[in-house]
Amino acid sequence: MAEFRNARFIASAHETHELPPDVGHEVAFAGRSNAGKSSAINAIAQRRQLAFVSKTPGRTQTVNFFECAPQRRLVDLPGYGYASVSRTERAHWERLIGTYFSQRASLKGLILIADARRGVGSLDEQLLRWYASSGDPVLVLLTKSDKLARTAAAKALIAAATLVKHCSPAATVELFSAVSGVGVRAAQMRISAWLDGNKKPPVKGE
Ligand code: GDP
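Residues numbered from 1 in each chain as written. Predicted model: local features only at pLDDT ≥ 70, side-chain atom pairs only at ≥ 80, totals over all residues. Heavy atoms only, no water.

Caption draft 1: Representation of the nonpolar core. Counting residues in hydrophobic clusters, the biggest one holds 35 residues, and the most contacted among them are Leu77, Tyr100, Phe101, Leu110, Leu127, Val140 and Leu142. Phe101 has contacts with Leu77, Leu107, Leu110, Leu127, Trp130 and Tyr131, leaving out every residue within four places of it along the chain. Membership of the second largest hydrophobic core comes to 25 residues, among which are Ile44, Leu139, Phe176 and Ala187. (Core = buried A, V, L, I, M, F, W, Y, C linked by side-chain atoms within 4.5 Å. Buried < 20%, exposed > 50% of the residue type's maximum accessible area, 1.4 Å probe, protein only. Contact = heavy atoms within 4.5 Å.)

Caption draft 2: Looking closely at helix α4 (residues 122-132). Every buried residue belonging to α4 is among Asp124, Glu125, Leu127, Leu128 and Tyr131, and all of these are buried. The buried residues of α4 occupy one face: seen down the axis, they fall within an arc of 165 degrees. Residues of α4 that are buried sit in contact with β2 (25-31), α3 (87-103), β5 (107-115), β6 (138-143) and α5 (150-167). (Helix = DSSP H or I, 4+ residues; strand = E, 2+ residues; numbered from the N terminus. Arc of directions from axis to C-beta.)

Caption draft 3: Region of interest: the pairing of β5. Of all nine residues making up β5, eight are buried, and the element is well covered by its neighbours. As paired elements, β2 and β5 share six bridges and run parallel to each other. Paired with Ala28 across the strands is Leu110, a residue of β5. Inspection of the sheet shows β5 paired to β6 by six bridges, in the parallel sense. Each bridged residue has a counterpart across the sheet, and for Ile113 the counterpart in β6 is Leu141. (Pairing = 2+ DSSP bridges.)

Keep in mind these values describe shape, not function.
Rendered as structure tokens:
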């Protein structure tokens with residue numbers, strides 16, 4: 001997975017017109033603020049500081065683009081769910097992400113990050129429904145799974161998979177941890193396949 005290790009920041013967009021050229025393939029990461037999205041991106045790219053882990057709650061957020069190979073990008077979407085965010089900011093987020101999801105031809109798949117202890121919430125469900133119309137694959141990563149005992153993690157996985165199927169038939173769910181490394185390799189393989197234009201999940205052990 002050397003391609004992820006070479007990832008470098010290339011662009012940041014606060015408005016639709018600031019998005020980099022829509023060429024090649026990209027995979028976007030979304031999730032509630034504090035769910036563990038930055039840590040997941042860093043774990044997948046095997047880089048400690050690619051996406052910043054400590055952020056100021058509620059600050060204006062941007063869509064951040066990381067290029068891992070020519071015309072292959074990871075995209076960090078702004079986190080959602082801050083209680084303190086104003087209506088104007090929320091409307092701006094919805095417009096930006098709505099346009100990005102509906103118009104971005106190079107977007108080939110979505111990684112949704114949810115805290116395994118909280119599960120998939122109503123905002124996550126909304127996002128999944130929004131994205132489902134694209135028909136592109138979705139991988140839900142239940143992160144911080146290191147904080148759950150094995151049985152609780154297994155239950156969280158079943159609950160999330162059941163919920164997710166209702167809003168996004170193309171979605172699959174996996175346990176993940178940026179701390180223990182659970183699920184990192186599987187996520188890398190899936191993202192790699194999407195970036196190569198292959199939508200099917202790779203066969204286990206491949
Ligand atoms: P973001 O707001 O979604 O980008 O979340 P961050 O990646 O900044 O993580 C939020 C908090 O959760 C930080 O304190 C991280 O150290 C912690 N965290 C993230 N991922 C994991 C994980 O897999 N395991 C544990 N134990 N903590 C995590």
